[in-house]
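Architecture and fold: a report
Take a look at the letters that make up each chain.
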Amino acid sequence: MKIKLLMLILGVTGFCFQSSYAQTMQQKSPVYSHTDTSKVTTSETEWKKILPSEVFEVARLKGTERPGTSKFETSKEIGTYYCAVCGNPLFKSDTKFDSGCGWPSFYEPISKTSIVYHTDKTLGMVRTEVTCGRCKSHLGHVFDDGPPPTGLRYCINGVVLDFEKAKTAEKSYSKKNKKEDKAGK
């Protein structure tokens, strides 16, 4: 019984810690912005001071998180995915799909400039690495086995993603109701 309780506490703590990455990034990273499009030229030494170690390992050292560990892998929420390092918009949730690969997958980035492509010849194979178009952080890889309309699968490490729920529809709905209430009075 005590072991089950301990495992439950550790699991919840781990989930909460992983969920706090994006919030930590917004609080500590001086370059974090959803609107600034200027290139980021922060040194690796400075990134190491700013980023949580798990994020630094993936984003700056081209590591990979364990498959199946990202809260974003199975998320169905509507909104926008951003680079957790700098806030650059990367993917809309309507381009996300369940690829079964163990990492969040998307078939199309938000724009041609949000992602930069590099040839990756590590691990004895040739792949296409994708990095953030603003801060050059490693995001994952893109493969040509995705769904229509692009046929691409952007396999992205969840630890380098930040997510913001769609708010536009909610704001529009609220404004419309306020106008209708005023008109009805």
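For the structure itself, look to the data block above.
Report on the accompanying structure. Everything numeric here is computed off the predicted structure, so don't read it as measured data.

**A short note on the nonpolar core**
Judged by nonpolar contacts, the single largest core of 29 residues is most densely connected at Trp 47, Val 85, Phe 91, Cys 135, Leu 139, Tyr 154 and Ile 156. Counting only elements with at least two residues in this core, the list comes to helix 3 (44-50), helix 4 (53-59), strand 1 (79-83), strand 2 (89-92), strand 6 (127-132), strand 7 (138-143), strand 8 (153-156) and strand 9 (161-165). Broken down by element, this core gets its largest block of residues, 4 residues, from helix 4. Sequence-distant contacts of Ile 156, that is, excluding residues within four places in its chain, are made with Glu 65, Phe 91, Trp 103, Pro 104, Phe 106, Val 130, Leu 139 and Leu 161.

**Description of the pairing of strand 6**
For strand 6, the tally of buried residues reaches 5 of 6 residues, placing the bulk of the element in the interior. Between strand 5 (residues 115-120) and strand 6, which follow one another and run antiparallel, lie 6 residues, and Leu 123 among them has a positive phi close to 60°. Of the strand pairs in this sheet, strand 6 and strand 7 are connected by 4 bridges, and their pairing is antiparallel. Looking at the pairing, Glu 129 lines up with His 141 of strand 7. The hairpin turn running from strand 6 into strand 7, its antiparallel successor, is 5 residues long, and Lys 136 in that turn takes a positive phi close to 65°.

**Considering the sheet that holds strand 9**
The strands making up a sheet are joined through hydrogen bonds of the backbone, oriented either antiparallel or parallel. Judged by pairing direction, the sheet is antiparallel, and its 3 strands sit side by side in the order 2-1-9 without closing on themselves. One side of each edge strand has no neighbouring strand; the edge strands of this open sheet are strand 2 and strand 9. Across the sheet, the mean angle separating the axes of adjacent strands is 30° when strand polarity is ignored.

Thresholds, definitions, all that
- Residues numbered from 1 in each chain as written.
- Predicted model: local features only at pLDDT ≥ 70, side-chain atom pairs only at ≥ 80, totals over all residues.
- Heavy atoms only, no water.
- Core = buried A, V, L, I, M, F, W, Y, C linked by side-chain atoms within 4.5 Å.
- Buried < 20%, exposed > 50% of the residue type's maximum accessible area, 1.4 Å probe, protein only.
- Helix = DSSP H or I, 4+ residues; strand = E, 2+ residues; numbered from the N terminus.
- Contact = heavy atoms within 4.5 Å.
- Pairing = 2+ DSSP bridges.
- Axes fitted to C-alpha atoms, helices over the stretch in contact; angles between N-to-C directions.

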